[in-house]
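Listed below, chain by chain, are the residues.
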Amino acid sequence: YDAMFATGGAPDSNRLSATEREGLRLFNEVGCVNCHRTIVQFADKANNNGLDVEPPDSGAGQGRFKPASLRNIAVRPPYMHDGRFTTLRQVVEFYSGRVQASPFLDPRMRAADGSPRRLALDSSQVGALVAFLEALTDSTFLRARPFAAPFTCHARR
């Protein structure tokens, strides 16, 4: 994903694989971008994303939680505030078909009739969205020596 912006000019989506490009298209088209904003893909506020009808913990109140940035998401399992999902595929499948009808569900997670908005993605679309999310991980940054854990650097000497 970062390679798309490497030239400093207009983003070049051809730096992504065809599957990752399809995932980016879906990310924008199905509305993920409505909550995960900017190039950092962070959520703008705490919200109730329909994990539970009655949340077992309140978070910011009414089952609302502020998720972390999606950048480097592939190396940060488990997922959701309580770690209930171990893979990105499980996360995408949740949004595809299992969003719960909580009375406090964020309006962006509701369909026009007020019901929970489920993405209804097929297996190929789930895979493409997962591929795009994995592309948000910058392995070059993660391996950069200046950002390495300070105690492992000394152990290598």
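Read on for a plain summary of the structure.

Basis of the calculations
Residues numbered from 1 in each chain as written. Predicted model: local features only at pLDDT ≥ 70, side-chain atom pairs only at ≥ 80, totals over all residues. Heavy atoms only, no water. Axes fitted to C-alpha atoms, helices over the stretch in contact; angles between N-to-C directions. Helix = DSSP H or I, 4+ residues; strand = E, 2+ residues; numbered from the N terminus. Parallel < 35°, antiparallel > 145°, perpendicular 65-115°, else oblique. Left-handed = near helix turned anticlockwise from the far one by under 90°. Contact = heavy atoms within 4.5 Å. Nonpolar A, V, L, I, M, F, W, Y, C, P; charged D, E, K, R; others polar. Buried < 20%, exposed > 50% of the residue type's maximum accessible area, 1.4 Å probe, protein only.

A few words now on the packing of helix H2 (residues 88–97) against helix H3 (residues 123–135). Packing of H2 against H3 leaves a shortest axis separation of 9 Å and a crossing angle of 125°. With respect to each other, H2 and H3 are oriented oblique. Relative to H3, the crossing made by H2 is right-handed. Together, Leu88, Arg89, Val92 and Glu93 of H2 and Ser123, Val126, Gly127, Leu129, Val130, Leu133 and Glu134 of H3 make up the contact between the two elements. Residues belonging to the contact of H2 with H3 are distributed by class as follows: six nonpolar, two polar and three charged.

Structurally, Pro116 is set in the loop between H2 and H3. Non-local contacts of Pro116, meaning those with residues more than four positions away in its chain, are made with Val99, Gln100, Ala101, Leu105, Met109 and Ala111.

Burial in H2 covers these residues: Leu88, Val91, Val92, Phe94, Tyr95 and Ser96. In this structure, the buried side of H2 is in contact with H3.

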